[in-house]
Amino acid sequence: MDITRLSAVELRKKLLNREISSIEIVESYYKNIEETEKDIDAFITLTKDEALRTARNIDEKIANNEEVGLLAGIPIAVKDNIATRGIKTTCGSKILENFVSPYDATVVEKIKREDAIIIGKTNMDEFAMGSSTETSYFKKTKNPHDLERVPGGSSGGSAAAVAGFEAPLSLGSETGGSVREPASFCGVVGLKPTYGLISRYGLIAFASSLDQIGPFARNVEDTALLLSVLAGYDEKDSTSVENKSIDYTKELNSNVKGMKFALPKEYFGEGIDEKVKAKVLEAVEVLKGLGAEVEEISLPYTEYALSCYYIISTSEASSNLARFDGIRYGYRAENYKDLDELYINTRSEGFGEEVKRRIMLGTFALSSGYYDAYYNKAQKIRTLIKRDFDKAFEKYDAIISPTAPILPFKIGEKINDPLSMYMSDILTVSVNLAGVCAISVPCGNLNGLPVGLQIIGDRFKEQKILNIAYTYEKNRGEENDL
C-alpha cells in the first residue's frame with residue numbers, strides 16, 4: 001500500500017481504524033518529497049521535525065482513545081503568504097526572506113485544532129502576483145505532469161505539491177484565479193470560496209477586496225472536507241460573514257437531474273484553445289446525460305473584466321505593500337543616506353520586477369487626476385459584472401466554462417510578456433470581482449496535460465458547486481484519475 005496515493009478521507013479512516021499511524025503517514029510523504037522535490041520545487045520551507053512531533057501527539061491521542069479532529073494525521077502544505085507561528089512566511093519575496101511570523105492565521109489555527117499536520121510552506125509568485133509561479137524570489141516550481149511547464153500561479157507550489165503526491169491537501173490563496181488556474185494546470189481540484197466565507201486574518205494582503213484562501217485536493221470529497229474546517233465567521237476579520245457551519249462532505253450527492261447550467265458565449269470565444277473548449281464541452285455532455293439542462297447565455301461585461309481587475313487589484317496592492325519599508329520588519333537596504341533613500345533602496349532591492357510593475361500601475365491609477373478616470377470607473381464596471389452574475393443566477397444553478405483558456409505553457413514562454421501572462425486569467429477574474437464561488441475540477445488530458453472544468457456558483461452556494469463537481473467526477477470515466 002502506497003500511503004501517498006490514498007485520499008485524505010481514506011487516510012483518516014485507516015488512522016482511526018489503527019491500520020496506519022500518523023508517523024507512517026508523515027514519513028511516507030517526506031520520503032516522496034525527498035525523491036521528487038528536487039524536480040518539482042514546490043516548497044520554500046519544509047517542517048519535518050515539527051510535523052513528526054505533531055504526528056506523535058496524534059498517535060498518542062488515538063492510543064489513549066482520545067477524540068481527534070476532522071483532519072487527524074493528514075499532512076497539509078500551506079502557501080507561503082499565510083502566517084504560520086514560528087515558521088518563515090516569505091510571500092516568495094526577498095523583502096520577507098527571513099520573516100518568521102509571531103502568530104498563526106485563523107485558517108492555520110483551524111487546521112491545527114482539527115489535528116492536521118503542516119508539512120511545509122509552498123512556493124508562490126511573489127506576493128501572489130503572477131500566473132505561473134515564476135516570479136518567486138526563491139525558485140521556479142515545475143508542473144508535475146511536465147517539468148518543462150509551469151504549474152500555474154500564484155499558488156503553483158500548493159497545486160504542484162498535491163499533484164506530485166507531496167501532500168494530500170494544501171492551502172492556496174487567490175485574487176483573480178490563483179487557486180483555480182494552477183488546479184487546472186496541475187490536474188487537481190481547487191476551490192475559490194465566496195468572499196467572506198473563509199477568514200483572511202493572517203493572509204498577507206495583495207488586494208483586500210478580492211483575496212480569498214482556498215483548498216486544493218486530488219478529489220472533490222477531500223476538498224469538501226478541508227472546506228468544512230476552513231469556513232466560518234471570524235471576529236478578527238471584518239469582511240468575514242456570519243454563517244452556520246456546514247459539513248460539506250455529508251451533503252455530497254451524485255445528482256444533477258433537473259439542474260440548469262449556463263454556458264457563457266464569452267467564455268468559449270476568441271482566445272480559448274479549441275482543444276480545451278472541446279474537452280470542456282465533452283464534460284458538459286456528461287452532465288447533460290445525467291439529466292441537467294444546458295443553455296448558452298451572455299455575460300456582456302466580461303470583455304471589461306480583465307482591465308477592471310488589474311486596475312482594482314494593482315491599486316489595492318500599491319496601498320497594501322506600502323508597509324514594506326525597511327523600518328518595521330523584513331529586509332532593509334544596507335546603504336542609504338537619509339530616510340527617503342532607505343525607503344527607495346529597500347523597496348528597489350527587496351521587490352521583484354512584477355511586484356514593482358504592479359505597484360507602479362496601482363499608484364498611477366490612484367494618483368490625483370487619474371483616480372476618477374481609472375479606479376473609480378473600474379469600480380463601476382465591477383458592479384456591472386456583479387449584476388451579470390446576479391441575473392444569471394436568477395435562472396441557472398451554475399455557470400460552466402473552461403478554467404484556463406490554454407494548456408500549461410512552458411517555463412520562460414510568457415514571463416517577459418506581461419500582457420500575454422495576464423490573459424491567462426481571463427476566465428477566472430470575474431468570479432473574484434463579483435465575490436461568487438467557483439471550483440475547478442479535472443476534465444481530461446491533452447497530450448498528457450490536464451484540462452480544468454470551471455463550475456461557478458452564486459454566493460455561499462459552495463455545497464451546490466461541490467455537488468455538481470462530485471457528480472461529474474463520479475461519472476466522467478477513468479481518464480482523469482491521478
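- Under an unreviewed UniProt entry, the name given to the protein is Glutamyl-tRNA(Gln) amidotransferase subunit A, and the organism recorded is Sporanaerobacter acetigenes DSM 13106.
- Regarding the protein, the UniProt comment filed under Function (unreviewed entry) reads as follows: "Allows the formation of correctly charged Gln-tRNA(Gln) through the transamidation of misacylated Glu-tRNA(Gln) in organisms which lack glutaminyl-tRNA synthetase. The reaction takes place in the presence of glutamine and ATP through an activated gamma-phospho-Glu-tRNA(Gln)."
- The heading Subunit (unreviewed entry) in the UniProt record of the protein holds the text "Heterotrimer of A, B and C subunits."

**Looking at the packing of helix α7 (residues 220-230) against helix α15 (residues 462-475)**
When two helices pack together, their arrangement is given by the angle between the helix axes and the distance between those axes.
Part 1 of the reasoning: The interhelical angle for the contact between α7 and α15, taken along N-to-C directions, is 160°, at an axis separation of 9 Å. By the angle between their directions, the pair α7 and α15 is classed as roughly antiparallel. As for how α7 packs across α15, the hand of that crossing is left-handed. Between α7, through Val 220, Thr 223, Ala 224 and Leu 227, and α15, the contact on the second element is made entirely by Glu 462, Leu 466, Ala 469, Tyr 470 and Glu 473.

**Notes on the sheet that holds strand β10 (residues 437-446)**
Part 1 of the reasoning: If you trace the eleven strands from one edge of the open sheet to the other, you get β1-β3-β2-β4-β6-β5-β10-β11-β9-β7-β8, paired in mixed fashion. The two strands at the open ends of the sheet, each matched to only one other strand, are β1 (43-46) and β8 (293-297). Strand-to-strand, the axes of this sheet are offset by a mean angle of 30°, without reference to chain direction.
Part 2 of the reasoning: Here three bridges tie β1 to strand β3 (residues 117-122), and the two strands are oriented antiparallel to one another. Residue pairing across strands places Thr 45 opposite Lys 121, the latter belonging to β3.
Part 3 of the reasoning: Helix α3 (residues 48-63) rests against β1 and β3 of the sheet, and its axis sits at about 160° to β3.
Part 4 of the reasoning: Its contacts with the sheet place helix α5 (residues 156-163) against β1, β2 (75-79), β3, β4 (169-174) and β6 (212-217), and it is angled at close to 155° to β4.

**Here's the deal with the pattern of salt bridges**
Part 1 of the reasoning: A full pass over the atoms with the stated rule returns 24 salt bridges.
Part 2 of the reasoning: Between Lys 410 and Glu 148 there is a salt bridge, with the nearest N and O atoms lying 3.7 Å from each other. Remark: Glu 148 occurs in the loop between β3 and α5 and Lys 410 occurs in the loop between β9 (398-402) and α13 (418-422); sequence separation between them is 262 residues.
Part 3 of the reasoning: Among the residues examined, Lys 410 registers a relative accessible area of 36% and is labelled partly exposed.
Part 4 of the reasoning: Connected through shared salt-bridge partners, Lys 386, Asp 390, Asp 458 and Arg 459 make up one network.

**Considerations on the UniProt feature "active site" (unreviewed entry) in the protein**
Part 1 of the reasoning: Following the UniProt record, the feature "active site" (unreviewed entry) maps to Lys 79, Ser 154 and Ser 178 here. A maximum C-alpha distance of 11.2 Å among these annotated residues, which run over 100 residues, shows that they cluster at one spot.
Part 2 of the reasoning: Assignment of secondary structure puts Lys 79 in strand β2.
Part 3 of the reasoning: Ignoring sequence-local partners within four residues, the contact set of Lys 79 consists of Lys 121, Thr 122, Met 124, Ala 128, Ser 154, Ser 155, Ser 158, Leu 171, Gly 172, Ser 173 and Ser 178.
Part 4 of the reasoning: Summarising the element assignment, Ser 178 is placed in the loop between β4 and α6 (180-186).
Part 5 of the reasoning: For Ser 178, a relative accessible area of 8% puts it in the buried group.
Part 6 of the reasoning: Residues within four places of Ser 178 in sequence aside, it is in contact with Lys 79, Ala 128, Gly 130, Gly 153, Ser 154, Ser 155, Ser 173 and Phe 216.
Part 7 of the reasoning: Polar side-chain contacts of Ser 178 include one of 3.0 Å to the backbone nitrogen of Ser 154.

**Some thoughts on the nonpolar core**
As a rule of thumb, nonpolar side chains are buried together in soluble globular proteins.
Part 1 of the reasoning: In this structure, Leu 71, Ile 111 and Phe 127 are the most contacted members of the largest nonpolar core, which totals 108 residues.
Part 2 of the reasoning: Residues in contact with Leu 71, not counting those within four places in the same chain, are Arg 12, Ile 76, Ile 111, Glu 114, Asp 115, Ala 116, Leu 169, Leu 225, Leu 226 and Val 229.
Part 3 of the reasoning: With 27 residues, the next largest nonpolar core counts Ile 25, Ile 33, Ala 51 and Leu 52 among its residues.

**Quick word on the state of the cysteines**
Part 1 of the reasoning: As enumerated under the stated definition, the model contains zero disulfides in all.
Part 2 of the reasoning: No disulfide involves Cys 186; its sulfur sits 15 Å from that of Cys 443, the nearest cysteine.
Part 3 of the reasoning: With relative accessibility at 0%, the residue Cys 186 sits in the buried group.
Part 4 of the reasoning: Of the cysteine sulfurs around Cys 437, a residue in no disulfide, the closest is that of Cys 443, at 19 Å.

**Overview of the environment of Asn 219**
Part 1 of the reasoning: Secondary-structure assignment places Asn 219 in the loop between β6 and α7.
Part 2 of the reasoning: It is 9.3 Å that separates the C-alpha atoms of Asn 219 and Ala 469, two residues lying 250 residues apart in sequence.
Part 3 of the reasoning: Once residues lying within four places of it in the same chain are set aside, the contact partners of Asn 219 are Ser 7, Val 189 and Glu 473.
Part 4 of the reasoning: At 3.1 Å, the side chain of Asn 219 and the backbone nitrogen of Glu 221 are in polar contact.

**Here's the deal with the side chain of Ser 315**
Part 1 of the reasoning: Mapped onto the elements of the fold, Ser 315 is located in helix α9 (residues 305-320).
Part 2 of the reasoning: Here Ser 315 is in contact with Gly 362, Ala 365, Leu 366 and Tyr 375, once residues within four sequence places are set aside.

**Details of the packing of aromatic side chains**
Part 1 of the reasoning: Throughout the structure, instances matching the rule amount to 16 aromatic pairs.
Part 2 of the reasoning: Ring geometry for Phe 99 and Tyr 329: centres 5.7 Å apart, planes at 35°, overall tilted. Of this pair, Phe 99 sits in the loop between β2 and α4 (106-113) while Tyr 329 sits in the loop between α9 and α10 (339-350), and the two are 230 residues apart along the sequence.
Part 3 of the reasoning: Residue class for Tyr 329 comes out partly exposed when judged on its relative accessible area of 33%.
Part 4 of the reasoning: Relative to Phe 351, the ring of Phe 127 lies with its centre 5.8 Å away and its plane at 75°, an arrangement referred to as edge-to-face. Of the two residues, Phe 127 is situated in the loop between β3 and α5 and Phe 351 in the loop between α10 and α11 (353-366); the sequence distance between them amounts to 224 residues.

Quick notes on the rules
- Residues numbered from 1 in each chain as written.
- Predicted model: local features only at pLDDT ≥ 70, side-chain atom pairs only at ≥ 80, totals over all residues.
- Heavy atoms only, no water.
- UniProt positions renumbered as here; feature names shortened; annotations may be inferred.
- Axes fitted to C-alpha atoms, helices over the stretch in contact; angles between N-to-C directions.
- Helix = DSSP H or I, 4+ residues; strand = E, 2+ residues; numbered from the N terminus.
- Parallel < 35°, antiparallel > 145°, perpendicular 65-115°, else oblique.
- Left-handed = near helix turned anticlockwise from the far one by under 90°.
- Contact = heavy atoms within 4.5 Å.
- Pairing = 2+ DSSP bridges.
- Salt bridge = Lys/Arg side-chain N within 4 Å of Asp/Glu carboxyl O.
- Buried < 20%, exposed > 50% of the residue type's maximum accessible area, 1.4 Å probe, protein only.
- Polar contact = N/O pair within 3.5 Å; in protein donor to acceptor, adjacent residues only side chain to side chain.
- Core = buried A, V, L, I, M, F, W, Y, C linked by side-chain atoms within 4.5 Å.
- Disulfide = S-S within 2.5 Å.
- Phe/Tyr/Trp six-rings, centres within 6.5 Å; stacked < 30°, edge-to-face > 60°.

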